[in-house]
Structures are given as C-alpha cells and as structure tokens.
Amino acid sequence: AKVAGRNMASWFEPDMEQRVAARAVLEADLRHALEQEQFELYYQPQCDMQGRMTGVEALLRWNHPQRGLVPPVEFIPVAEETGLIVALGRWVLKSACTVLAQWSAAPETACLRIAVNVSAQQFQRPDFVEQVLAVLAAAGAPPQRLVLELTESLLLKDVDGTVAKMARLSDAGVGCALDDFGTGYSSLSYLHRLPLVELKIDRSFIWDADNARIGGAIVHTIAGLGKALNLDVVAEGVETEHQRGFVEAAGCHRYQGYLYGKPMPLPQLAAWISHAPL
Ligand code: C2E
Ligand code: CA
Ligand code: CA
Ligand code: CA
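For the structure given in this document, a descriptive report is provided here. Keep in mind that this is a model prediction, so the values were computed, not measured.

What counts and what doesn't
- Residues numbered from 1 in each chain as written.
- Chains lettered and ligands numbered in written order.
- Predicted model: local features only at pLDDT ≥ 70, side-chain atom pairs only at ≥ 80, totals over all residues.
- Heavy atoms only, no water.
- Helix = DSSP H or I, 4+ residues; strand = E, 2+ residues; numbered from the N terminus.
- Buried < 20%, exposed > 50% of the residue type's maximum accessible area, 1.4 Å probe, protein only.
- Contact = heavy atoms within 4.5 Å.
- Near = heavy atom within 4 Å.
- Polar contact = N/O pair within 3.5 Å; in protein donor to acceptor, adjacent residues only side chain to side chain.
- Areas by Shrake-Rupley, 256 points an atom, 1.4 Å probe, with all protein chains shown as cover.
- 1 Å grid on protein atoms, 1.4 Å probe; cavity = no way out; pocket = protein on both sides within 12 Å on 5 of 7 lines; lining within 4 Å.
- Sits in = over half its atoms within 2 Å of the grid points.
- Nonpolar A, V, L, I, M, F, W, Y, C, P; charged D, E, K, R; others polar.
- Donors = N, O, S within 2.8 Å, 3.2 Å for Na, K, Ca; no water.
- Salt bridge = Lys/Arg side-chain N within 4 Å of Asp/Glu carboxyl O.
- Points joined across faces, edges and corners; volume = space filled by probe spheres on them.

The helix and strand inventory of the chain stands at twelve helices and ten strands. Expressed as lengths along the three principal axes of its C-alpha atoms, the size of the chain is roughly 65 × 45 × 40 Å. Expressed as a percentage of the 278 residues in the chain, the buried residues total 44%. Considering only contacts in the chain between residues 6 or more positions apart, those separated by 24 or more positions represent 66%.

What surrounds ligand 1 is a group of 22 residues, the closest being Gln44, Arg61, Arg203, Glu239 and Tyr258. Arg61 is positioned such that a nitrogen or oxygen atom in its side chain is 2.8 Å from an oxygen atom of ligand 1. The separation between an oxygen atom of ligand 1 and a polar side-chain atom of Asp180 is 3.2 Å. Here ligand 1, which alone exposes 800 Å², has 85% of that area covered by the protein. When atoms are counted within 2 Å of each cavity's grid points, the one that captures over half of ligand 1 is the largest pocket. Contributions of two or more residues to the shell around ligand 1 are made by β2 (53-64), α2 (72-82), α3 (84-104), β6 (175-181) and α9 (203-209). Looking at which element gives the most residues to the shell around ligand 1, the answer is β2, with four residues. Looking at side-chain class alone, the shell around ligand 1 contains ten nonpolar, five polar and seven charged residues.

Attention shifts here to the coordination of the calcium ion (ligand 3). Protein-derived coordination of the calcium ion (ligand 3) comes from Asp179 (OD), Asp180 (OD), Glu236 (OE) and Glu236 (OE), at a distance range of 2.2 to 2.5 Å. In the primary structure, the donors to the calcium ion (ligand 3) are separated according to the pattern D-D-x55-E. Of the residues examined, Asp179 reaches a relative accessible area of 6% and is grouped as buried. Assessed through its relative accessible area of 12%, Glu236 is described here as buried.

Turning our eyes to something else, we now look at the pattern of salt bridges. All told, the structure shown has 16 salt bridges when counted by the stated rule. Glu74 serves as the salt-bridge partner of Arg67, at 2.7 Å between the closest nitrogen and oxygen. As a salt-bridge pair, Asp127 and Arg125 come within 3.5 Å of each other at their nearest N and O atoms. Bridged by salt links that share partners, the residues Arg23, Glu27, Arg31 and Glu81 form one connected network.

To continue, consider the coordination of the calcium ion (ligand 2). Coordination of the calcium ion (ligand 2) by the protein involves Glu57 (OE), Asn117 (OD1), Glu149 (OE) and Asp179 (OD), with metal-donor separations of 2.1 to 2.3 Å. Residue class for Glu57 comes out buried when judged on its relative accessible area of 4%.

A few words now on the environment of Gly173. Positionally, Gly173 belongs in the loop between α7 (159-171) and β6. The exposure class assigned to Gly173 is partly exposed, which follows from its relative accessible area of 25%. Distance from Gly173 to Leu146, taken between C-alpha atoms, is 8.2 Å for residues 27 residues apart in sequence. In contact with Gly173, not counting residues within four places along its chain, are Pro143 and Gln144.

Looking now at the layout of surface pockets. A water-sized probe rolled over the atoms picks out the places where empty space is left. Roughly 1,200 Å³ of internal volume is contained in the largest pocket. Taken together, the residues of the lining of the largest pocket break down into 17 nonpolar, twelve polar and ten charged.

Nothing here speaks to function; it is geometry throughout.
Spelled out as structure tokens, the structure:
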C-alpha cells in the first residue's frame, strides 16, 4: 500500500502543480483582459415558432491575444471563483444596454429584447437591482427590453430575498428568465412564487428529444409547467427541423439554436437582422 501510495503521489503531483499554475495564469490573464477590453459579446437570435425574430441572448467571448477566442466554459468558472464575475457581469450589462438603447431608436429593432446571463454571485450582491436600473438609465435603454437569465442555484440560498429582488426588477419592467431549467436543484416548490416571465429548457433535453423518450417527456413536462404558470417557454439548442417541430408540438413558444442562428458578433448581427423576418 505504501508503494502504491508513493506511486500515486508521484503520478498526481506534477499534474496538480500544472493545473494550479495554469489556473494562476488564467486568473492573471482575466484581470488583465478586463482592463484591456479583450471581452466581446456575441449575440444569438431567438425566434417564435413562425420564425420571427424576437430578440437575442448575449453570450460572452474572450479574444485572448495568444489563445484566440476562448469559450465561456473555460473562464466563467474561474471568474466566479475569483469574484471577477461581478466586474465582468457589469461590463456585459453595460454593453447589452448600449445596444438596447440603439435598437430602441429604430422602429425595426425597437421590439427586440436582449437576454443577459447573470451569475449567482452578481445577483446576490445587495445593490444588484440598483446597479441594473442605474446601467439601464445611464444607457437610455428601455427596461422592458431587458431579460435577465438566472439559474436555479440562486434559489438555494435565500428564496425570500430572491423573490424580493425579482419583484423590484419586475416592477421596473425588467423580466427574469429561469435558465437551464431542469438541470439544477429541484425548485419546483418555489417556482410559482417567482416573478418570472420565461423558462428556458436546457439544451441537453433537446439533444435527447430526437431519440430518447425521456428527453421528450421532460420537454413536454416543462412546457406544460410553463403553460400552467403562464410563462413563456423557450427551447435552447434546437439544431434540426425535426427538433423544432418537436418542441413546437410540445408547447414551447420560442426557440434558440443553430437551426435559426449561431451566436455572432454585433456587426454580423446587424446584417443578419436586416434580412430576418421580424
Ligand atoms: P447558456 O446560458 O445555457 O447559453 C447557451 C449556450 O448554448 C451557449 O454556449 C450557446 O452558444 C450554446 N448554443 C446555443 N444554441 C446551440 C445549438 O443549437 N447547439 C449547440 N451545440 N450549442 C448551442 P456558450 O456561448 O459557449 O456559453 C456557455 C455558457 O456560459 C452559457 O450557457 C452561460 O451559462 C455562460 N455564459 C455565457 N455568457 C455569459 C455571461 O455574460 N455571464 C455569465 N455569468 N455567464 C455566461
Ligand atoms: Ca443563458
Ligand atoms: Ca441556457
Ligand atoms: Ca445551458
């Protein structure tokens, strides 16, 4: 056992060291990136079941000078652990509200919404609601066009506090969506208490919908729940016409996925909108 233990140690240690070092580099790079404005928002269009564009989800990208485009799965967790997500989240909100303000000035874009992802840490700050309203006001963006995507993990800590914050946002016109619905902790018992406008069905269930009966049953169940609670149900990750037909039949109101459009930089989105049926 001793020998095995030593072998294990010598096998694990360099790997651990490397990972710790890589993480430290990533953390330093992240701080630098915020100052150097290396972040960019991509926008993925959403549409109703008739294919009319209803808005976009803003998705964060990191244009790393050496590594190229870094996807959020690689840096959001580190940004969350280090607390950098708060500053990063504020930047995301500001950028999205600037676009909303521009859109509100033109009749063909005035009805489009922008959904922004909010991490639990950001939302849990006592001044979160004030911050959102201040950013909207400073940008001159209509609150009715902003949707905040929250995850179920928020509900674990402080349901009453969460409900109160969402209610204040809702009073100001800002809608909240429950993101990745079905993947988190069972929040079914609180769901009716939350002033939500939208449920987003996680992509993993849509992927399964083609083949597995389970995925299909889950999509049906969530859509039914949304209907009962009078919420918009959005299917994410719709890649095929078959899946689109499936989520429509299940009762989803809107969808987002590669079938309709991939996340794209703002200039490309502007060109895209000029061709999209609104
Ligand atoms: P999410 O909020 O669930 O975003 C949807 C993800 O699904 C995006 O990945 C999007 O590119 C991807 N997606 C959409 N349609 C399809 C499809 O048809 N097929 C496939 N294969 N993928 C599709 P992305 O952009 O890599 O973002 C990953 C996650 O990172 C997001 O998941 C969200 O949790 C997080 N994230 C992104 N931007 C932000 C941000 O500004 N703030 C925070 N806190 N989190 C963010
Ligand atoms: Ca999202
Ligand atoms: Ca999602
Ligand atoms: Ca997801």
